[in-house]
Amino acid sequence: GVVDDERIICELLQQVLTQHGHTVFTAMEGKQALRLFWEERPHVTVLDLSMPGLSGVEVLTEIRKLDTTAPVIALTRHASETRQDAVFRLGVSAVLRKTAGLDLIEGILLSTLEEKGPASILVVDDEPALCAMLSKRLTLNGYDVRTAFNGTEALAIIERHRPRLMLLDLYMPITSGMEVVRTLR
């Protein structure tokens, strides 16, 4: 999940993570973020510390009441030592300045997603050769990989076995990737 009151940050991180096969939920204020966290239980939450309404620290405090170990990466424009100490005491994985650059933020996000060990991944694409190549490569890297050739097959697999990550082609016959995303939401 990505929580930031700056729409551009939400959109950039959503685009980057979606390209890596992750489903991304975004919120632009604290109450919405808590509702999404409760409903979706994301594998990683990226949280802006300075938001109107509930601050990032208040949101993180509430997240910790629900889940004491959920990975959270804090984003800030101006990280004071006091604020950093507070969020580290609440168990964040990292505190990053928004000026750090998208590549650094992307790298830390992806490594945080990998920290939980081997993941189950669902590869969904209407090109069998691409599915086979990705499946072989990911399996060699220790992932439990399943494949589907359209959105209908993907939804049937997800109903039986919810993957931690999904690489999803958005444009497929029968049921598109966008329809899969809508159904999952």
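Everything here concerns the structure above.
We now turn to the structure provided with this report. Keep in mind the model is a prediction, meaning the values are calculated, not measured.

**Description of the packing of helix H7 (residues 151–160) against helix H8 (residues 177–184)**
Packing of H7 against H8 brings their axes to within 9 Å, and their N-to-C directions diverge by 30°. What the angle tells us is that H7 and H8 run roughly parallel. By crossing handedness, the relation of H7 to H8 is classed as right-handed. Mapping the contact onto sequence places Gly 151, Leu 155 and Ile 158 in H7 and Val 180, Thr 183 and Leu 184 in H8. Its residues placed into classes, the contact of H7 with H8 shows four nonpolar, two polar and no charged.

**Observations regarding the nonpolar core**
By size, the foremost hydrophobic cluster in this structure holds 19 residues, and its most contacted members are Leu 47, Val 59 and Val 92. Going through the elements one at a time, helix H2 (30–40), helix H3 (56–66) and strand S4 (72–76) are the ones with two or more residues in this core. Counting residues per element, this core draws most heavily on H2, which supplies four residues. Once residues within four sequence positions are removed from consideration, Val 59 is found in contact with Gly 30, Ala 33, Leu 34, Leu 47, Met 51 and Leu 54. Leu 13, Ile 73, Ala 94 and Leu 96 belong to the second-largest nonpolar core, a separate cluster that totals twelve residues.

**Things to note about the environment of Pro 163**
Among the secondary structure elements, Pro 163 is positioned in the loop between H7 and strand S8 (165–168). Sequence-wise, Pro 163 and Val 123 are 40 residues apart; in three dimensions their C-alpha atoms are separated by 9.7 Å.

**Re H2**
Inspection of H2 places Gly 30, Ala 33, Leu 34, Leu 36, Phe 37 and Glu 40 among the buried residues, and these make up the whole buried set. The buried residues of H2 occupy one face: seen down the axis, they fall within an arc of 165°. In H2, the exposed residues that point more than 90 degrees away from the buried face are Lys 31 and Trp 38. Looking at where H2 begins, the residue whose side-chain oxygen comes 3.0 Å from the main-chain nitrogen of Lys 31 is Glu 29. Where H2 terminates, the next one or two residues include Arg 41, which has phi positive at roughly 45°.

**Notes on helix H1 (residues 7–19)**
Given a rise of 1.5 Å per residue, 13 residues ought to cover 18 Å, and the 18 Å separating the end C-alpha atoms of H1 matches this to within 8%. Listed in full, the buried residues belonging to H1 are Ile 9, Cys 10, Leu 13, Val 16 and Leu 17. The buried residues of H1 occupy an angular sector of 140° when projected down its axis, which confines them to one face. When the buried face of H1 is taken as reference, the exposed residues oriented beyond 90 degrees from it are Arg 7, Ile 8 and Gln 19.

Reading the values: rules and limits
Residues numbered from 1 in each chain as written. Predicted model: local features only at pLDDT ≥ 70, side-chain atom pairs only at ≥ 80, totals over all residues. Heavy atoms only, no water. Axes fitted to C-alpha atoms, helices over the stretch in contact; angles between N-to-C directions. Helix = DSSP H or I, 4+ residues; strand = E, 2+ residues; numbered from the N terminus. Parallel < 35°, antiparallel > 145°, perpendicular 65-115°, else oblique. Left-handed = near helix turned anticlockwise from the far one by under 90°. Contact = heavy atoms within 4.5 Å. Nonpolar A, V, L, I, M, F, W, Y, C, P; charged D, E, K, R; others polar. Core = buried A, V, L, I, M, F, W, Y, C linked by side-chain atoms within 4.5 Å. Buried < 20%, exposed > 50% of the residue type's maximum accessible area, 1.4 Å probe, protein only. Arc of directions from axis to C-beta. Polar contact = N/O pair within 3.5 Å; in protein donor to acceptor, adjacent residues only side chain to side chain. Expected span 1.5 Å × (residues − 1).

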